[in-house]
Amino acid sequence: MLNKLKKNNKKGFTLVELIVVLVILAILAALLIPALTGYIDKARDKQIIAETRQVVMAAQTLLDEEYGKNASLTITSIDDSSTPTKEAVATLAEVEKSKIDSITITNNKVVTGVVYIDGKTCTYKKNTSDLTKRGTYEITD
């Protein structure tokens with residue numbers, strides 16, 4: 001008789017146990033997905049700021065080089081007809097030229113504004129009254 005009980009004792013999970021596990025997994029997924037998308041959005045914003053920073057640094061570097069060659073250099077923005085060009089800035093910053101919307105410069109040969117568009121728009125603004133202070137980066141949709 002004991003042998004019959006052992007043979008009929010099947011091992012495994014019941015349907016109810018499997019459904020409970022699936023419900024728990026669904027609840028965890030429902031809680032985690034919104035949190036993960038928030039982290040992805042924050043990471044994307046930081047990437048756009050980093051690329052804008054690269055553009056600012058590249059533009060300032062090229063301006064400094066041009067100023068070293070020609071101290072009487074007077075330009076107020078960087079575009080395709082200026083020296084340096086947007087293409088040169090994009091190459092040095094390692095970004096696509098089409099993503100650089102505008103680059104503005106003061107008479108002091110300092111980059112005071114950059115608008116960079118990559119899905120969202122990142123705007124760099126430097127305080128023109130105190131050029132020793134850092135600029136700010138602002139992201140808009």
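Before reading on, note that the structure itself is shown above.
About the criteria used
- Residues numbered from 1 in each chain as written.
- Predicted model: local features only at pLDDT ≥ 70, side-chain atom pairs only at ≥ 80, totals over all residues.
- Heavy atoms only, no water.
- Core = buried A, V, L, I, M, F, W, Y, C linked by side-chain atoms within 4.5 Å.
- Buried < 20%, exposed > 50% of the residue type's maximum accessible area, 1.4 Å probe, protein only.
- Helix = DSSP H or I, 4+ residues; strand = E, 2+ residues; numbered from the N terminus.
- Contact = heavy atoms within 4.5 Å.
- Arc of directions from axis to C-beta.
- Pairing = 2+ DSSP bridges.
- Axes fitted to C-alpha atoms, helices over the stretch in contact; angles between N-to-C directions.
- Salt bridge = Lys/Arg side-chain N within 4 Å of Asp/Glu carboxyl O.

(A) Just the nonpolar core, in detail. Counting 22 residues, the largest nonpolar core has V55, V89, I100, I103 and V111 as its most contacted members. The biggest single contributor to this core is helix 2 (residues 15-69), with 7 residues. The contacts of V111, once residues within four sequence positions are left out, are V56, A59, Q60, L63, I103, T104, I105, Y124 and K126.

(B) View of helix 3 (residues 86-93). Listing the buried residues of helix 3 in full gives K86, V89, A90 and A93. Angularly, the buried residues of helix 3 cover 100° about the axis, an arc narrow enough to put them on a single face. Where helix 3 is buried, its residues touch helix 2 and strand 1 (100-105). Just downstream of helix 3 lies E94, where phi reads positive at about 60°.

(C) Local environment of the sheet that holds strand 1. Strand order in the open sheet formed by 4 strands is 1-2-3-4, and the pairing between neighbours is antiparallel. Looking along the sheet, the strands with just one partner apiece sit at the ends: strand 1 and strand 4 (136-140). Neighbouring strand axes in the sheet, compared pairwise and without regard to direction, differ in orientation by 10° on average. Across 6 bridges, strand 2 (residues 111-118) lies against strand 3 (residues 120-125) in antiparallel orientation. Bridge pairing in strand 3 places V114 opposite Y124. Packed onto the sheet, helix 2 meets strand 1, strand 2, strand 3 and strand 4 and runs at close to 140° relative to strand 2.

(D) The arrangement of the pairing of strand 3 in detail. Where strand 2 folds back on strand 3, the antiparallel hairpin that results is connected by 1 residue, among which G119 adopts a positive phi of roughly 85°. Judged from the 5 bridges that link them, strand 3 and strand 4 form a sheet pairing that is antiparallel. Residue pairing in the sheet places T121 in a bridge with T140 of strand 4.

(E) Highlighting the pattern of salt bridges. Per the counting criterion, the structure on display carries 7 salt bridges. In this structure, the salt-bridge partner of E96 is K99, at a minimum N-O distance of 3.8 Å. Judged by its relative accessible area of 19%, K99 falls in the buried class. Salt bridges sharing partners connect three or more residues here, namely R44, E96, K99 and D118.

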